[in-house]
Amino acid sequence: MRRMGRSIFGKAPARAWRNKTNGSVGRAAQRPTTRYRVIYKIGYTFPQMRNSTASRTLNVRRRLLPRTARPFTTLFVVACGTVALLLSLPQTALAAPKEEKPLLVYSIDVEGGQATLFVAPSGASLLVDAGWPGNDGRDAARIQKAMQNAGITTIDHLLVTHFHDDHVGGVPQLLKLVSVGEFLDHGVNREDSDATRANFAAYEAAIQGKTRRIVHPGDTIDLSGVSAVVLAADGEHIAAVKGAKPQPNPFCAEEKKWAEDPSENARSVGILVSYGKFRLLDLGDLTGAKEVALVCPNNPIGIVDLYLATHHGMNLSNSASLVYAVHPRVAIINNGAHKAGSPEAWQTIHSSPGLEDLWQLHTAEDSDAAHNSAVDLIANPAGMPTDGAYLKVSASSNGGFTVTNSRTRQTSMYFRK
Ligand SMILES: [Zn+2]
């Protein structure tokens, strides 16, 4: 893991340096030693030019000058060299390289519910869940704040993973602030509880007359270059993801027996989001028995770069046979201060082979220090006044990505492998 100060998604550089003029960072390049570094102020932004063409040209000229003539001729030579260089280069070489736009993912703090915003390089957007109802529209406001950061004003697709109030409850308030292109969900509520029936009724009323699509395992949500494949919905799951052969899962043999779950959690819509080589898994609140059914005996998901901890990191989910099999580099737990982030689930994720960092939206205050991440990896730590800090992922199609803590503005980089 690399922290702070580097802003590209290449492989980890052996040595990197920052251009003081424009803030760009050269990688796989060594800091030039020539005294004529003034050349960089003309705005070269790519390392090949800085180090090979520009400085070598000037160094040759420097050696041709007599020592006594140097003070007055230096500026002249630099100026002439600059002009000659400018004239000799094709215009295309002077233009900044066209940088790829990243996929942005915001894990928005809705205090133990889910609201995860995906914004593709094209600007197409997918919001997974809308947090809780009540609280004077707190969650809708936080979603809108993340949208503003991403530079969007509308949501193209709003996926409701299931009909519990920490996921669907915020939809009516959000619709007062933001327009949504289409609503996606798994169909009707099948949970036998008044609370969930009320949630579902409020959702249906809020989206009446709007475009709604029922999703099934295998369906895709297209974000123009970014795709989300539905892995699970309404209690069913896929057997294979298109183009990938399911592999035997060695972690199934040790898996415990999970209880069947009659609640809406087990009917959660789960998605695998792909942008080039970058892959992210979000299974909503899918509970243990359904997780195991999805990945045992064969794992159809493969491995992922980022795992959004299922069910806010609750111990009713996050089975080792799932977490270990998908082998995430980084995980985010969207817990609340006093909701989820269970010690058992935290431990399973933390001990997952290959995990580099485990981020949390909150300190899990009902847990202990041994089962919470370091404070830098927590958006809203206990005892610190924050106003719903979020975690922002910025992913390149080459598989590299960053995670930024909006509270500290610190960024951790996970270079492509
Ligand atoms: Zn939930």
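Procedures and definitions
Residues numbered from 1 in each chain as written. Predicted model: local features only at pLDDT ≥ 70, side-chain atom pairs only at ≥ 80, totals over all residues. Helix = DSSP H or I, 4+ residues; strand = E, 2+ residues; numbered from the N terminus. Buried ≥ 20, exposed ≤ 12 C-beta atoms within 10 Å, placed from the backbone. Contact = placed C-beta atoms within 7 Å. Expected span 1.5 Å × (residues − 1). Arc of directions from axis to C-beta. Pairing = 2+ DSSP bridges.

K.L.:
Looking at this structure, I do not really get the overall build of the protein chain. What am I missing?
P.N.:
When its secondary structure is counted, the protein chain shows nine helices and 23 strands. By residue count, 44% of the 417 residues in the protein chain fall in the buried class. Taking all contacts inside the protein chain whose residues are at least 6 apart in sequence as the whole, residues at least 24 apart take part in 67%.

K.L.:
Just to check I follow, could you spell out the environment of L174 for this structure?
P.N.:
Here L174 is to be found in helix α5 (residues 171-177). The exposure class of L174 is buried, given the 23 C-beta atoms found within 10 Å. Along the sequence, L174 and R142 sit 32 residues apart, while their C-alpha atoms lie 9.8 Å from each other. Ignoring sequence-local partners within four residues, the contact set of L174 consists of A130, A140 and I143.

K.L.:
Got a minute to help me understand helix α7 (residues 288-295) in this structure?
P.N.:
Each full turn of the α-helix corresponds to 3.6 residues, which orients residues three or four apart in the same direction. Burial analysis of α7 places six of its eight residues in the buried class, the great majority of the element. Buried within α7 we find G288, K290, E291, V292, L294 and V295.

K.L.:
Is there a simple way to think about helix α4 (residues 138-150) in this case?
P.N.:
For α4, which comprises 13 residues, the first-to-last C-alpha distance of 19 Å matches the rise-based estimate of 18 Å (1.5 Å per residue) to within 8%. Listed in full, the buried residues belonging to α4 are D139, A140, R142, I143, A146 and M147. For α4, the angular spread of buried residues about the axis comes to 165°, placing them on one side. Backbone geometry just downstream of α4 places G151 in the positive-phi region, at approximately 80°.

K.L.:
Please clarify how the pairing of strand β15 (residues 278-282) should be interpreted in this entry.
P.N.:
In the case of a regular strand, side chains alternate between the two sheet surfaces. Of all five residues in β15, five are buried; the element is thus mostly enclosed. Burial along β15 is two-sided: the face carrying F278, L280 and D282 and the face carrying R279 and L281 are both buried. As paired elements, strand β14 (residues 270-275) and β15 share five bridges and run antiparallel to each other. Residue pairing across strands places L272 opposite L281, the latter belonging to β15. Counting the residues between successive antiparallel strands, the hairpin from β14 to β15 contains two residues, one of them, G276, with a positive phi of roughly 60°. Of the pairings in the sheet, the one linking β15 to strand β17 (residues 306-308) comprises three bridges and is parallel in character.

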